[in-house]
Amino acid sequence: MSEIVFERTQKLKKWIRNVTPEICPERAEIVTNSYKATEGFPMQLRRAMAFRDVLTNMSIWIHEGELIVGNQASTPRSSPIFPETVSKWVKQELHTFWERPVDKFFVREETYNTLMHDVFPYWEGKTVEDLALKYMPDDTKEAWLLEHRVFNPILYLRNGVGHMVADYETPIKEGFGGIIKKYKKKIEMIDKMDPKALRKRIFYDSVVIACEAAILFAKRFSKLAKEMAENETDPKRKQELILISQTCNWVPENPARSFHEAVQVFWFVQLMIQLESDGLGVSTDRFDKLVYPFYNKDLNEGKITKEKAQEIIECLWIKFFETMKVYDLQNATYFSGYSLGQIITIGGVDENGRDDTNEITYLCIDAENNLDLTQPNLAVRINKNTPDSFLFRVCSHIAKGTGKPSLFNDEVIIPSMMSAGISLEDSRRYALIGCVEPGSPGRSYGWSNASMFNLAKCFELATNNGRCRLTNKQVGPQTGLLKDFKSSNELFEAYKRQVEFFIEHMIVSINAIDFAHQERLPLPFLSALYEDCLNKEMDVCCGGAKYNFTGPQGVGVADVADSFIALENFIFKGHRISAEEMQKALDRDFEGYEKLRLDLLKEDKYGNDLDYVDDLAVEIGRHYCKYVAKYKNARDGRFQGGLYPVSANVPMGMDVGALPDGRKSKTPIADGVSPAIGADLNGPTAVLKSVSKLDHMAASNGTLLNQKFNPDILKTPEQIEMFMGLIRTYFELGGWHVQFNVVSADTLKKAQKNPEEYKNMLVRVAGYSAFFVDLDSSLQENIIQRTEHMNLLD
């Protein structure tokens, strides 16, 4: 691990960590004025012109010491407002942003007045949410908008489309000038007598407008840096500003010529995607693979040192951390900790299947080690030929206790992507999206994280004739009471019927939202970063990508498997209690049945390498994913299931009544494919064996495994090597993903009591890391309660 600490980036980190998040009204004003001026134009052009207006008129700034430039808002760590998606709910919640329990944002009085009086009135009835709800059939809205929900597609209903990975390579290697030439050539070739020519022309024009705006945006920074250089008295900083000016004057219009230019383009692309739309989980192409040739060339020509390259990478990391996004309270609870899901992927194989680890791959880990910030979320691809020296460095950083990076298995993920219809070459290029979802950069347009689906709630309904145990209302199909089933097989059929009923309504709701995005929120800039949009002659929102997926995820696999086993052992085979008595215990949330609940908690559970339990978990996960995959999405692509919760297993648990595994009403359900809290009694090896049995091929939208280790077992080089062996073995068995918290429950409890003393302590939540003190208290408790392994090999 590098021992070099850079004064520049430490100062930038200290500065940005002390900035109070607030709301920036600037983008909202600009977009509203743009829309008013373009009334009557095709929406494709209006979106491009609004994007141009934002990049032309928004405030820009360069902070002292920055080497990579480009800001998202008028002040650092501020969230822009995207009225085209959020005005409906922001209008309702704006006054609560500074007082709410999680992800607080300060709202200045002038900001409040601007948004409430000058912005939001224009958007009445014009948002994506307004249109999507009109597309949605009444019975689907009824199945969704329950008091205690089974599925929830609210993320894309109230936000822009995120959870995608665009093509960063073309802007770096060809520049936006090159992309513009391709589209202008298409315009020249249009046959005006083609009935579709007018729409094609509008689409091509919109992309050209967006790309030209991107070039002008960079040149604004070039001009600003030049002006700052003229007034700079420090000779060293003066030269840095001159270099920034020259860099932004050349890229991203033209191909990058140096490592610094390549990194600057990388950031401009990431930033401008998040200025066009407010999607969560905007993830990047493979950073180390893209910039390494520029680094290697500069290094050989004596234009850069290894240390300078790492310093530039750390400046990039700080820009990722600087970006912000405000959620409504419901989503803020799901993704608390100011989560953005911006993943940078490193490592893995190349297009020919050879390990592609390079020196930049190592430097990214060193940058992580120096900064310990929540963003970017770092994903490391592991394959059988990943160098031990690199894995040792990764594991050493994990042992530090930041919850980063997360680890992914090439040998499982690549075949899984191919089973979903992605070519071998495109699958080998994969980068991670949001939490654990793989996508081929510039080829896959994913809509992953399209909805949460509560498998545990479906099991509750299956045991209660489709009635919600928390409200006593009929919400699902009438499939029988617990006493009506003669075997666990009969109950499983009832469970599957509940799951399928709600999956079908979930599919309809997501497609309604998808159509609303196509109509009201086309993305011409993002479309420029998907090559097939050029050939298909359509926006990425409308199906322009090569692969079009939609990925809703199931949550609660462990709870359902454990509950089935409990009923099998207590009722169907064990005959230790009557079905009627179990029904009463569940209806009463085990009040008066505490001994029964404790006995149920002692039953065999998923996560202990017990085949008869694990096989049931396999079937539960497979059924959900296979049924989801039956359906097509609104972009002529397909749905694909995943098994991960972000951090929603805690709020989703509030929707689930008592379960036969001994879990009480409204408590968290299991996260991802991890065992239920406290259920994994046989150590980490048993957990990894259980998880590796799951059908990861079917769950092609990703699976997520959290593990927590006591820091004392990862202190020495010998322990780190044992840890490496554990990971290698898990991936050889067929695991998809794993991530670790290396922290004791005692330390976390101290942080709860003295948050100021632990304000920089990072923890792994689910698909992202966050500062522990920023999390909702219920989520903090959930992390504390996760099983803390005290031995690597038990």
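As shown above, the structure is provided for reference.
Residues numbered from 1 in each chain as written. Predicted model: local features only at pLDDT ≥ 70, side-chain atom pairs only at ≥ 80, totals over all residues. Heavy atoms only, no water.

Draft legend 1. Local environment of the overall build of the protein. Within the protein, the regular secondary structure consists of 33 helices and 19 strands. Taking 794 residues into account, the globule formula puts the C-alpha radius of gyration at 28 Å, and the protein, at 26 Å, falls close to it. In terms of overall dimensions, the protein has C-alpha extents of about 85 × 65 × 55 Å along its principal axes. For the protein, buried positions account for 66% of its 794 residues. If you take every contact in the protein between residues at least 6 apart in sequence, the share linking residues at least 24 apart comes to 78%. On the protein, roughly 27,300 Å² of surface is accessible, and the fraction owed to carbon and sulfur atoms is 50%. In the protein, 96 positive and 110 negative side-chain charges are present, and the distance between their average locations comes to 2 Å. (Helix = DSSP H or I, 4+ residues; strand = E, 2+ residues; numbered from the N terminus. Rg over C-alpha atoms; globule rule 2.2 N^0.38 Å. Buried < 20%, exposed > 50% of the residue type's maximum accessible area, 1.4 Å probe, protein only. Contact = heavy atoms within 4.5 Å. Areas by Shrake-Rupley, 256 points an atom, 1.4 Å probe, with all protein chains shown as cover. Lys, Arg positive; Asp, Glu negative; His and termini not counted. Charge placed at Lys NZ, Arg CZ, Asp CG, Glu CD.)

Draft legend 2. The arrangement of the sheet that holds strand β6 (residues 343-347) in detail. What the 6 strands build is an open sheet, ordered β6-β7-β8-β16-β15-β19; its pairing is mixed. Both edges of this open sheet fall to β6 and β19 (788-789), since each of them pairs with a single strand only. Direction of pairing for strand β7 (residues 377-382) relative to strand β8 (residues 406-409): parallel, over a ladder of 4 bridges. From the neighbouring strand, Val380 faces β8, where its bridge partner is Leu407. (Pairing = 2+ DSSP bridges.)

Draft legend 3. Fine view of the environment of Leu378. Locating Leu378 in the fold gives a position in strand β7. Note: C-alpha distance between Leu378 and Thr114 (264 residues apart in sequence) is 37 Å. What Leu378 contacts, discounting residues up to four positions off in sequence, is Trp317, Ile344, Ile346, Cys364, Ile365, Glu368, Lys404, Pro405 and Ser406.

Draft legend 4. Structural context of the packing of aromatic side chains. Scanning the entire structure with this criterion turns up 37 aromatic pairs. Consider the rings of Trp98 and Phe106, whose centres lie 5.6 Å apart with planes at 85°: the pair is edge-to-face. Between the aromatic rings of Phe321 and Phe771, the centroid separation amounts to 6.3 Å while the plane-to-plane angle is 85°, which identifies the pairing as edge-to-face. Separated by 450 residues along the polypeptide, Phe321 in helix α15 (residues 306-322) and Phe771 in strand β18 (residues 769-771) bring together distant segments of the chain. (Phe/Tyr/Trp six-rings, centres within 6.5 Å; stacked < 30°, edge-to-face > 60°.)

Draft legend 5. Up close: the nonpolar core. Of all hydrophobic cores here, the largest spans 272 residues; its most connected members are Phe259, Phe287, Tyr445, Phe453 and Tyr495. Sort the elements by how many residues they give to this core and helix α11 (residues 197-231) lands first, with 15 residues. Not counting residues within four places of it along the chain, the set of residues in contact with Phe287 comprises Val263, Phe266, Ile313, Leu316, Trp317, Ile344, Thr345, Ile360 and Cys364. (Core = buried A, V, L, I, M, F, W, Y, C linked by side-chain atoms within 4.5 Å.)

Draft legend 6. Layout of the environment of Leu271. Relative to the elements of secondary structure, Leu271 occurs in helix α13 (residues 259-276). By relative accessible area, Leu271 is classed as buried at 0%. Separated by 200 residues in the primary sequence, Leu271 and Asn71 place their C-alpha atoms 7.5 Å from one another. Beyond its immediate chain neighbours, meaning those up to four positions away, Leu271 contacts Gly70, Asn71, Gln72 and Phe217.

Draft legend 7. Representation of helix α1 (residues 7-17) within the structure. Buried residues of α1: Arg8, Thr9, Leu12, Lys13 and Ile16, and no others. Considered in projection along α1, the buried side chains sweep an arc of 130° and stay on one side of the axis. Of the exposed residues in α1, those oriented more than 90 degrees away from the buried face are Glu7, Lys11 and Lys14. Summarising the contacts, the buried residues of α1 are in contact with α12 (235-250), α15 and α17 (359-371). (Arc of directions from axis to C-beta.)

Draft legend 8. Focus on the environment of Gly446. With respect to the secondary-structure elements, Gly446 resides in the loop between β11 (444-445) and β12 (448-454). Overall, Gly446 belongs to the buried group, its relative accessible area being 8%. Spatially, the C-alpha atom of Gly446 lies 9.7 Å from that of Gly637, the residues being 191 residues apart in sequence. Apart from residues no more than four positions distant in its own chain, Gly446 is found in contact with His163, Phe549, Thr550 and Gly551.

Draft legend 9. Broad picture of the pairing of strand β13 (residues 547-555). Across the 9 residues of β13, 9 count as buried, placing the element largely inside the fold. Burial of β13 is two-sided: the residues Tyr547, Phe549, Gly551, Gln553 and Val555 facing one way and the residues Asn548, Thr550, Pro552 and Gly554 facing the other way are all buried. When β13 meets strand β14 (residues 638-639), the two strands line up parallel, connected through 2 bridges. Across the sheet, residue Phe549 finds its bridge partner in β14, namely Arg638.

Draft legend 10. Quick look at the state of the cysteines. The full count for this structure, using the stated rule, is 0 disulfides. Not engaged in a disulfide, the cysteine Cys458 finds its nearest cysteine sulfur in Cys468; these two sulfurs lie 12 Å apart. A relative accessible area of 0% places Cys458 in the buried class. (Disulfide = S-S within 2.5 Å.)

Draft legend 11. The packing of helix α10 (residues 175-189) against α11, seen in detail. The N-to-C vectors of α10 and α11 enclose an angle of 160°; their axes lie 9 Å apart at closest approach. Between α10 and α11, the interaxial angle falls into the category roughly antiparallel. Pair α10 / α11 crosses with left-handed handedness. From α10, Phe176, Gly177, Ile179, Ile180, Tyr183, Lys184, Lys186 and Ile187 reach across to α11, where they touch Arg201, Phe203, Tyr204, Asp205, Val207, Val208, Cys211, Glu212, Ala214 and Ile215. Residues belonging to the contact of α10 with α11 are distributed by class as follows: 12 nonpolar, 1 polar and 5 charged. (Axes fitted to C-alpha atoms, helices over the stretch in contact; angles between N-to-C directions. Parallel < 35°, antiparallel > 145°, perpendicular 65-115°, else oblique. Left-handed = near helix turned anticlockwise from the far one by under 90°. Nonpolar A, V, L, I, M, F, W, Y, C, P; charged D, E, K, R; others polar.)

Draft legend 12. Representation of the side chain of Ser87. Mapped onto the elements of the fold, Ser87 is located in helix α4 (residues 83-93). Note on Ser87: relative accessible area 5%, which makes it buried. Here the side chain of Ser87 touches Pro83 through a polar contact of 3.0 Å, landing on its backbone oxygen. Apart from residues lying up to four places away in sequence, Ser87 is in contact with Phe82, Phe120, Trp123 and Thr127. (Polar contact = N/O pair within 3.5 Å; in protein donor to acceptor, adjacent residues only side chain to side chain.)

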